[in-house]
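Report on the structure
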Amino acid sequence: MDKGLSNQILLFAPDLLGESLSLQLKTLDKKLEVSLRNEELTKNPDLVIWYLDNYEIPRSIQNELMLLQEKWHPSPLLLLLPSKLRLNSKEVLAFNCPGILQDPDINSLYEAIGILVGGGRVLSLKENQDNDVLISSPIGLGEWLLISGLQQINNELLLVNQFLSRNQINLISQIIML
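I will try to describe carefully the structure that is included in this document. (Residues numbered from 1 in each chain as written. Predicted model: local features only at pLDDT ≥ 70, side-chain atom pairs only at ≥ 80, totals over all residues. Heavy atoms only, no water.)

With that settled, consider the pattern of salt bridges. Counted by the stated rule, this structure contains two salt bridges. The closest approach of N and O atoms between E40 and R37, which form a salt bridge, is 3.0 Å. You can call E40 partly exposed: its relative accessible area is 37%. The salt bridge partner of K43 is D46, with a shortest N-O separation of 3.4 Å. Residue classification places K43 among the partly exposed residues on the basis of a relative accessible area of 40%. For D46, a relative accessible area of 22% puts it in the partly exposed group. (Salt bridge = Lys/Arg side-chain N within 4 Å of Asp/Glu carboxyl O. Buried < 20%, exposed > 50% of the residue type's maximum accessible area, 1.4 Å probe, protein only.)

Attention shifts here to the packing of helix α1 (residues 15-28) against helix α4 (residues 106-117). Packing of α1 against α4 brings their axes to within 10 Å, and their N-to-C directions diverge by 70°. Judged by the angle between their axes, α1 and α4 are roughly perpendicular. Between α1 and α4, the contacting residues are L21, Q24, L25 and L28 on the first element and I106, N107, L109, Y110 and I113 on the second. Considered class by class, the residues forming the contact of α1 with α4 number seven nonpolar, two polar and no charged. (Axes fitted to C-alpha atoms, helices over the stretch in contact; angles between N-to-C directions. Helix = DSSP H or I, 4+ residues; strand = E, 2+ residues; numbered from the N terminus. Parallel < 35°, antiparallel > 145°, perpendicular 65-115°, else oblique. Contact = heavy atoms within 4.5 Å. Nonpolar A, V, L, I, M, F, W, Y, C, P; charged D, E, K, R; others polar.)

Turning our attention to the nonpolar core. Grouped together as the largest cluster of nonpolar side chains are 19 residues, with contacts concentrated most on L25, I49, L78, L80 and L109. Of all elements in the fold, only β1 (7-12), α1, β2 (32-35), β3 (47-51), β4 (77-81) and α4 reach the threshold of two or more residues within this core. For this core, the leading source of residues is α4, giving six residues. Those residues in contact with L25 that lie beyond four places of it in its chain are L32, V34, I106, L109, Y110 and I113. Of all hydrophobic cores here, the second largest spans 18 residues; its members include V48, L52, F95 and I100. (Core = buried A, V, L, I, M, F, W, Y, C linked by side-chain atoms within 4.5 Å.)

Side chains that are three or four residues apart share a direction in an α-helix, a result of its 3.6 residues per turn. Counted at 1.5 Å a residue, the expected span for helix α2 (residues 58-71) with its 14 residues is 20 Å, and the 20 Å between its end C-alpha atoms agrees. Taken together, the buried positions of α2 are occupied by I61, Q62, L65, M66 and L68. The buried residues of α2 occupy one face: seen down the axis, they fall within an arc of 165°. Opposite the buried face of α2, by more than 90 degrees, sit the exposed residues L67, E70 and K71. (Expected span 1.5 Å × (residues − 1). Arc of directions from axis to C-beta.)

So this is what it looks like as structure tokens:
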């Protein structure tokens, strides 16, 4: 992180957690300006941090990420995930987000902020998690095929939406979309 300039960060997190993270980050670097509300900003933030509290549907998370990225463009977005996550790693890796950290300590969060503000990307998920294990009742073949098909359709729709949201569509891309 550039020590010579102040960095404004917009933090979306539950109240107590947001205040705690804000205080800890300001303690590490006095030049950081961490705002918990967008009304406190004096300019477009250098980074937007979103703590994912209770979302469980990947499509909803991706939609919210897209909305945040559109609203705060060109600021990078850092998604903070809780230690216990009801998503599998494949779903998390599908998120279009420059920064994803699962249950970071304050030092790794501070380091990630520096990387993202500098234009880099960050990804850190915890190992040995039961994230990939879904506890549910057994399902039949028909129900499994339906769920699998719907997930594939959602993934393809997400890719098409991301493709269409880009302003740069070249001839080859248009041919592929036909």
